[in-house]
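Understanding the architecture of this molecule
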Amino acid sequence: MTRAGRTYLIAASACASMALAALSQPVLAQNLAITNGTVITGTGERIDGGTVVIMNGRIQAVGTIVPMPLGIDQIDATGMVVTPGLIAFGTQLGLVEIGSVAETREGSRADDVVTPSFNVLEGINPASQLIPVTRTDGVTTALTMPSGGLISGQAVLVDLVDGDVETMLVQSPAALVASVNRSAKSSSGGSRAAVMDHLRRLFDDALEYDERRSDFTRRQIQELAAPAAELEALLPALRGALPVIITANRRSDIANALRLAEEYGLDLIVLGAAEGWQMAEEIAVAGATVALYPLTDVPSYDGLNPRLENAGLLHAAGVRVIIATASSHNAREVRHAAGNAVAYGMDWNAALRALTVQPATALGVDADYGSLTEGKVGNVVLWSGDPFELSTVAVHVVIRGEQIPMASRQQALLERYRTLPPSYFEP
């Protein structure tokens, strides 16, 4: 095996160890049975009067008649809808607290526009007040992403549990994040054509660096388009071992992203895709995934033809669709966005899968996440009704088999000021 191969295997092993370590952390998971609920598994199956049994943080059984361990804690879900925990795709949860205060923002590097080695994991604040308010509305897992520049860096996947970042961690890195839309133009001379040229030079130089490491060490190679550490960080994506999230909204930008994916064998996730409905057949043929914002319907120079039917049209064409959120402060509203996608033609079960199964599959963690299936991590939400309805609330949220406290700073403020003293109304 070559030195390059050994280096890659060591890096891949380290990433896998970090991900596995997250699930082996001593989270005090309770053994729990959720009974008598309307269980919607995320695989297309609906079980009326269903039971979900969770043991040691993982789902042990799902069905109508399942073995019930003696003495197990139970939640009676009569009248409730039981679903997999939702996955918020595209947030900066834990990386931002107050958007207008630079000291609370950790999601970008200002020193360069090409920073594929920038991993946001150690910038996450587990004590962020945005985490409890998000998870109490049914979001149990989040992809938190870097932003800015041409290649922003590495996103990580975390469960929204209490503890340090090692406890929260599911996958690091989970994806490489880049852009070919109008925001990338300033990183490459002001033209979309220059953006594409810049990306190709980076990818070509990363592959050349990998083939000629000894020449690079002896300085017997031409000057490369980025430092060695940045080129090294591109290699997993160029080998197809790491998904690449590329922001692209207008039709031509999506076509450019698909072209790059074909040329370099990228496992592509198109983020945004406001005009994706115009490219539905091409995206489906390419096998790319689309992560979109269903409520995008205002024309802009980054996409003159958005439409609310986008998600439904892409799904109907056979495209794998993820419903994403650009918000960190209101990431919990992603389920309402899914409801709007349903209102504009998307199949209900497909919308649920777009918040559960599809993001898990796109990020390569579907063996453990995304559905209520035996052996998967016990991330489960009990809803008062249809989770896509505005009036529905999450009654119980279970992450890794543990019921999380349904408390947040917003709830505490509500209780504090629910009853105001008479003096408050005095002139």
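All figures in this text were calculated on a predicted structure; none of them were measured in a lab.

1. Overview of the pattern of salt bridges
Opposite charge on two side chains allows them to pair when their charged atoms are near. One pass over the structure, following the stated rule, counts 20 salt bridges. Its salt-bridge partner being Arg 46, residue Asp 48 comes within 3.1 Å of it at the nearest N-O pair. In this structure, Arg 192 and Asp 253 form a salt bridge, with 2.7 Å as the shortest nitrogen-oxygen distance. You can see Arg 192 sitting in helix H5 (residues 192-211) and its partner Asp 253 sitting in helix H8 (residues 251-264), a full 61 residues away along the chain. When its relative accessible area of 0% is taken as the criterion, Asp 253 is described as buried. One network of salt bridges, in which partners are shared, links Arg 192, Arg 250, Asp 253 and Asp 302.

2. Observations concerning H5
Given 3.6 residues to a turn, an α-helix orients residues that are three or four positions apart in the same direction. With 20 residues, H5 should cover 28 Å at 1.5 Å per step; its first-to-last C-alpha distance of 29 Å lies within 8% of that length. Those residues of H5 that fall on the buried side of the exposure criterion are Arg 192, Val 195, Met 196, His 198, Leu 199, Leu 202, Phe 203, Asp 205, Ala 206, Tyr 209 and Asp 210. Sitting at the head of H5, Ser 191 places a side-chain oxygen 3.1 Å from the backbone nitrogen of Ala 193.

3. Examining the nonpolar core
The biggest cluster of nonpolar side chains holds 88 residues, and the ones touching the most others in it are Ile 151, Val 180, Phe 203, Leu 234, Ile 283, Ile 323 and Met 346. Judged by nonpolar contacts, the second largest core, of 22 residues, contains Leu 143, Leu 157, Ile 269 and Ala 360.

4. Digging into the packing of aromatic side chains
Evaluation of the coordinates by the stated rule reveals three aromatic pairs. Look at Phe 203 and Tyr 264: their rings are 5.1 Å apart centre to centre, the planes differ by 75°, and that puts the pair in the edge-to-face class. One end of the pair, Phe 203, is in helix H5; the other, Tyr 264, is in helix H8, and 61 residues separate them in sequence. Just as Phe 203 is buried, Tyr 264 falls in that class too. Look at Tyr 209 and Phe 216: their rings are 5.2 Å apart centre to centre, the planes differ by 90°, and that puts the pair in the edge-to-face class. The buried category is assigned to Tyr 209, whose relative accessible area is 9%. Assessed through its relative accessible area of 31%, Phe 216 is described here as partly exposed. One residue, Arg 307, lies across the ring of Trp 277, its end atom 4.7 Å from the ring centre.

5. Section: the pairing of strand S14 (residues 380-383)
Residues in a regular strand project their side chains so that they alternate between the two faces of the sheet. Of the two faces of S14, the one carrying Val 380 and Leu 382 and the one carrying Val 381 and Trp 383 are both buried. Where strand S5 (residues 81-84) and S14 come together, four bridges link them in antiparallel fashion. Paired with Val 82 across the bridge in S14 is Leu 382.

6. Remarks on the side chain of Thr 144
With respect to the element layout, Thr 144 can be found in strand S7 (residues 139-144). On the accessibility criterion, Thr 144 (0% relative accessible area) is buried. Within polar-contact distance, the side chain of Thr 144 engages the backbone oxygen of Leu 93 at 2.9 Å. With residues up to four places along the chain from it excluded, the contact list for Thr 144 reads Thr 91, Gln 92, Leu 93, Leu 95, Val 120, Ile 124, Ala 155 and Val 156.

7. Some details on the confidence of the model for the protein chain
Parts of the prediction with low pLDDT should not have their coordinates interpreted in detail. Overall, the prediction assigns the protein chain a mean pLDDT of 92, with 93% of residues at 70 or greater. Between residues 1-27, whose pLDDT stays under 50, and residues either more than four places distant or in other chains, the model counts 32 contacts.

Cut-offs applied
Residues numbered from 1 in each chain as written. Predicted model: local features only at pLDDT ≥ 70, side-chain atom pairs only at ≥ 80, totals over all residues. Heavy atoms only, no water. Salt bridge = Lys/Arg side-chain N within 4 Å of Asp/Glu carboxyl O. Helix = DSSP H or I, 4+ residues; strand = E, 2+ residues; numbered from the N terminus. Buried < 20%, exposed > 50% of the residue type's maximum accessible area, 1.4 Å probe, protein only. Expected span 1.5 Å × (residues − 1). Polar contact = N/O pair within 3.5 Å; in protein donor to acceptor, adjacent residues only side chain to side chain. Core = buried A, V, L, I, M, F, W, Y, C linked by side-chain atoms within 4.5 Å. Phe/Tyr/Trp six-rings, centres within 6.5 Å; stacked < 30°, edge-to-face > 60°. Lys NZ or Arg CZ within 6 Å of the ring centre and 35° of its normal. Pairing = 2+ DSSP bridges. Contact = heavy atoms within 4.5 Å. pLDDT = per-residue confidence, 0-100.

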